Amino acid sequence: MRGLEAALTIYGEVQNGAFASEALRKVYNNIAPADRKLAATLVYCTLRRQSLWKTVLLKYCKRNPRELPPLTMNALMIGIAGIVELKHFALPVLINGLVQAIKNSGETRDIGLVNAVLHTVADESQKFIEGLKKSSALRDQALYWGVPGWAAALWSKELSIPEAKRLVRASGMKTYLSLRLSRGVDRSQYIEEYNASGRKGWASPFLEFSVRTAANPYPVDLPGFGEGRIMPQSESSMLVPELIAKRWKGGRILDMCCGRGVKTGQLADILPEAHIEAWDISEGKIKSARFEMMRMHTEDRVTFKTGDSLSLVPDEAPSAILLDAPCTGSGTWGRHPESKWRCSPEQVQQNSVLQKQLLERAVSLAAPGGIIVYSTCSLFRDENEKVIADVMARHPELIELPAERTAKFMVKGKPYGTTVMPSLPWVDGFYMTLLAKRK
Ligand SMILES: C[S@@+](CC[C@H](N)C(=O)[O-])C[C@H]1O[C@@H](n2cnc3c(N)ncnc32)[C@H](O)[C@@H]1O
């Protein structure tokens, strides 16, 4: 499969509800190796600023885009994104390739349309897009950087207009892979090994067990992945288990929403004496988490249960609880751009209700004297500070423990917790609070 064909297939799957990384993984081996990077770049740049490409399309397409068949619509979206973003890619190759895809599998009457719209966009759209970039209006900034308008408006209401603009720009930033090294892995040696494999990695100045890269390579192919020596993870996510590890004084750890076990694996790795009970509502995720523990060689110290954390009962009262709550993921929109177009203000409110219930449950389960880490990869206060404030107001036995903020991008929450701003390609937006339940 050539790059453009692969991009059309993957983007089409994402439009039908798939996650971009999974859709890419599915066809990855069928794409000509020289075209893999092009396919991934096209898909991600189309997803990242989807609302901008739609606006451009509406401006230059004479037919109602809503009436276009999916293949025509997808070819136009990919074409517009490619024209604006892929400066090094020959324009005629891009446009002819997409026109050819319509000739092969689309509707004959759309061949001319795709050709005409893409040529017009190439000739005329630059001024319009530059105008958005220079505009001081938050709405234009959101459109330019690829952030849903409602999210930008919510940030301006919760924070301030300048802060909302900063978040909008940060959310549009390209992200790269960082690797968490397992305990005992020598970082300099690993970097040598990594770079000898033809890639480029270097030591993170922020975390001593993290290696930064300037790409998004396929994790399974990386040196040390199979043996559990590394885990692809953003540096903000790496901070969460560290928060527990620094305060843990023995006893059971409960991970109430373990997902695929990224943080469970890190906790088990950095606390070799700990036993962890890990829950998740999704059977598929628990299955992946079990594999993750085997890869990390920590399967003996983690007990899994599938079910609703609001009703599951732990085998032992936990002295430490990690509640990495389900959220909109608005802090990771740069990394998972498809999720921002699926999110809505209603979802923020629904999440907030569930997050409060889950935190209430964590408080009821924690042993007296125990600690609770609440975290999300969201930047909405409704999913963060407001959840903490609501539950703390009902539980005077809870206190917030002081947090170490070791970088400029770690800012104090308003009023609780720490917000990690998405300010570097390896640092996603995150939120975390450390609570203690008084005896
Ligand atoms: C942010 S993700 C967790 C990521 C995970 N901690 C990791 O590091 O890989 C939130 C998880 O909460 C799970 N979840 C949602 N509602 C739940 C519930 N009521 N009980 C248990 N798990 C739930 C989702 O399936 C999802 O895996």
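Predicted model only: the values in this text are computed from it and were never measured.

A closer look at the overall build of the protein chain
Next up, step 1: For the protein chain, the helix and strand inventory stands at 17 helices and 13 strands.
Next up, step 2: Computed over C-alpha atoms, the radius of gyration of the protein chain comes to 23 Å, within 12% of the 22 Å expected from 2.2 N^0.38 for 439 residues, which places it in the range of a compact globule.
Next up, step 3: Dimensions of the protein chain along its principal axes, counting C-alpha atoms only, are 70 × 50 × 40 Å.
Next up, step 4: Across the 439 residues of the protein chain, 47% fall into the buried class.
Next up, step 5: For the protein chain, restricting intrachain contacts to residue pairs at least 6 apart in sequence, the fraction spanning at least 24 positions comes to 72%.

Brief notes about the nonpolar core
Next up, step 1: Ranked by size, the top nonpolar core spans 124 residues in total, and within it Val43, Leu98, Leu323 and Val373 carry the most contacts.
Next up, step 2: With residues up to four places along the chain from it excluded, the contact list for valine 43 reads Ala7, Ile10, Tyr11, Ala20 and Leu24.

Section: the sheet that holds strand S3 (residues 210-213)
Within a beta sheet, neighbouring strands are joined by backbone hydrogen bonds and run either parallel or antiparallel to one another.
Next up, step 1: The strand order across the open sheet formed by four strands is S2-S3-S1-S4, and the pairing between neighbours is antiparallel. The sheet terminates laterally at strand S2 (201-203) and strand S4 (230-232), the two strands that pair on one side only. Across the sheet, the mean angle from the axis of one strand to that of its neighbour is 30°, orientation sign disregarded.
Next up, step 2: In the sheet, S2 pairs with S3 via three bridges, with the strands oriented antiparallel. Looking across to S3, one finds that tryptophan 202 is bridged to arginine 212.

Focus on helix H7 (residues 109-134)
Next up, step 1: End to end, H7 covers 37 Å across 26 residues, agreeing with the expected 38 Å (1.5 Å per residue, within 8%).
Next up, step 2: The largest bend in H7 is about 55°, located at glutamate 124.
Next up, step 3: When we look at burial in H7, the residues that qualify are Asp110, Leu113, Val114, Val117, Leu118, Val121 and Ser125.

So, the UniProt feature "active site" (unreviewed entry) in the protein chain
Next up, step 1: With numbering aligned to this structure, UniProt lists the feature "active site" (unreviewed entry) at Cys377.
Next up, step 2: Topologically, cysteine 377 is positioned in the loop between strand S9 (371-376) and helix H17 (385-394).
Next up, step 3: Discounting chain neighbours no more than four positions away, the residues touching cysteine 377 are Cys327, Gly329, Gly331, Thr332, Asp428, Gly429 and Phe430.

Quick word on the site of the ligand
Next up, step 1: The full set close to the ligand counts 17 residues, and Cys257, Gly259, Val262, Ser309 and Asp324 are the nearest of them.
Next up, step 2: Counting only elements with at least two residues in the shell around the ligand, the list comes to helix H13 (262-270) and strand S6 (276-280).
Next up, step 3: The residue makeup of the shell around the ligand, split by class, is seven nonpolar, four polar and six charged.

Some remarks on the pairing of strand S8 (residues 320-324)
In the case of a regular strand, side chains alternate between the two sheet surfaces.
Next up, step 1: Burial of S8 is extensive: five of the five residues sit out of reach of the surface.
Next up, step 2: Because side chains alternate across S8, one face comprises the buried residues Ala320, Leu322 and Asp324, and the other comprises Ile321 and Leu323, equally buried.
Next up, step 3: Two strands pair when backbone bridges link them, and strand S5 (residues 253-255) and S8 are joined in this way by three bridges, in the parallel orientation. Note that in S8 the partner of leucine 254 across the bridge is isoleucine 321.
Next up, step 4: Judged from the five bridges that link them, S8 and S9 form a sheet pairing that is parallel. Considered in S9, the bridge of leucine 322 is made with valine 373.

Notes on the UniProt feature "domain: SAM-dependent MTase RsmB/NOP-type" (unreviewed entry) in the protein chain
Next up, step 1: Following the UniProt record, one finds the feature "domain: SAM-dependent MTase RsmB/NOP-type" (unreviewed entry) at residues 156-438.
Next up, step 2: As annotated, residues 156-438 has a helix share of 34% and a strand share of 19%, and its two end C-alpha atoms lie 36 Å apart.

Overview of the environment of arginine 290
Next up, step 1: Position of arginine 290 relative to the elements: it lies in helix H14 (residues 283-295).
Next up, step 2: We classify arginine 290 as partly exposed; it has 16 C-beta atoms within 10 Å.
Next up, step 3: Here the alpha-carbon distance between arginine 290 and leucine 47, two residues 243 residues apart in the chain, equals 31 Å.

Quick word on the packing of helix H5 (residues 70-85) against H7
Next up, step 1: For the pair H5 and H7, interaxial distance at closest approach is 10 Å and the crossing angle is 35°. Considering how the two elements wind past one another, H5 and H7 form a crossing that is right-handed. Contact with H5, carried on its side by Thr72, Ala75, Leu76, Gly79, Ile80, Ile83 and Val84, involves Asp110, Leu113, Val114, Val117, Leu118, Val121, Ala122, Ser125 and Ile129 of H7 and no other residues of that element.

Overview of the pairing of S3
Next up, step 1: Neither face of S3 is left uncovered, since the one carrying Ser210 and Arg212 and the one carrying Val211 and Thr213 both have all their residues buried.
Next up, step 2: Pairing of strand S1 (residues 178-181) with S3 involves three bridges; the strand directions are antiparallel. Pairing of leucine 179 across the sheet is with valine 211, part of S3.
Next up, step 3: Taken together, S2 and the strand that follows it, S3, pair antiparallel across an intervening segment of six residues.

With respect to unusual backbone geometry
Next up, step 1: Looking along the chain, the bond that leaves lysine 414 and enters proline 415 is cis, with omega of 5°.
Next up, step 2: Tracing the backbone through its elements, the reader meets proline 415 in the loop between strand S11 (410-412) and strand S12 (418-420).
Next up, step 3: With a phi angle near 60°, histidine 297 is a residue other than glycine that sits in the positive phi range.
Next up, step 4: For histidine 297, the location among the structural elements is in the loop between H14 and strand S7 (302-306).
Next up, step 5: Residue class for histidine 297 comes out partly exposed when judged on the 14 C-beta atoms lying within 10 Å of it.

Quick notes on the rules
Residues numbered from 1 in each chain as written. Predicted model: local features only at pLDDT ≥ 70, side-chain atom pairs only at ≥ 80, totals over all residues. Helix = DSSP H or I, 4+ residues; strand = E, 2+ residues; numbered from the N terminus. Rg over C-alpha atoms; globule rule 2.2 N^0.38 Å. Buried ≥ 20, exposed ≤ 12 C-beta atoms within 10 Å, placed from the backbone. Contact = placed C-beta atoms within 7 Å. Core = buried A, V, L, I, M, F, W, Y, C linked by C-beta atoms within 7 Å. Pairing = 2+ DSSP bridges. Axes fitted to C-alpha atoms, helices over the stretch in contact; angles between N-to-C directions. Expected span 1.5 Å × (residues − 1). Bend = angle between axes of the 7 residues up to and from the residue. UniProt positions renumbered as here; feature names shortened; annotations may be inferred. Near = placed C-beta within 6 Å. Nonpolar A, V, L, I, M, F, W, Y, C, P; charged D, E, K, R; others polar. Left-handed = near helix turned anticlockwise from the far one by under 90°.

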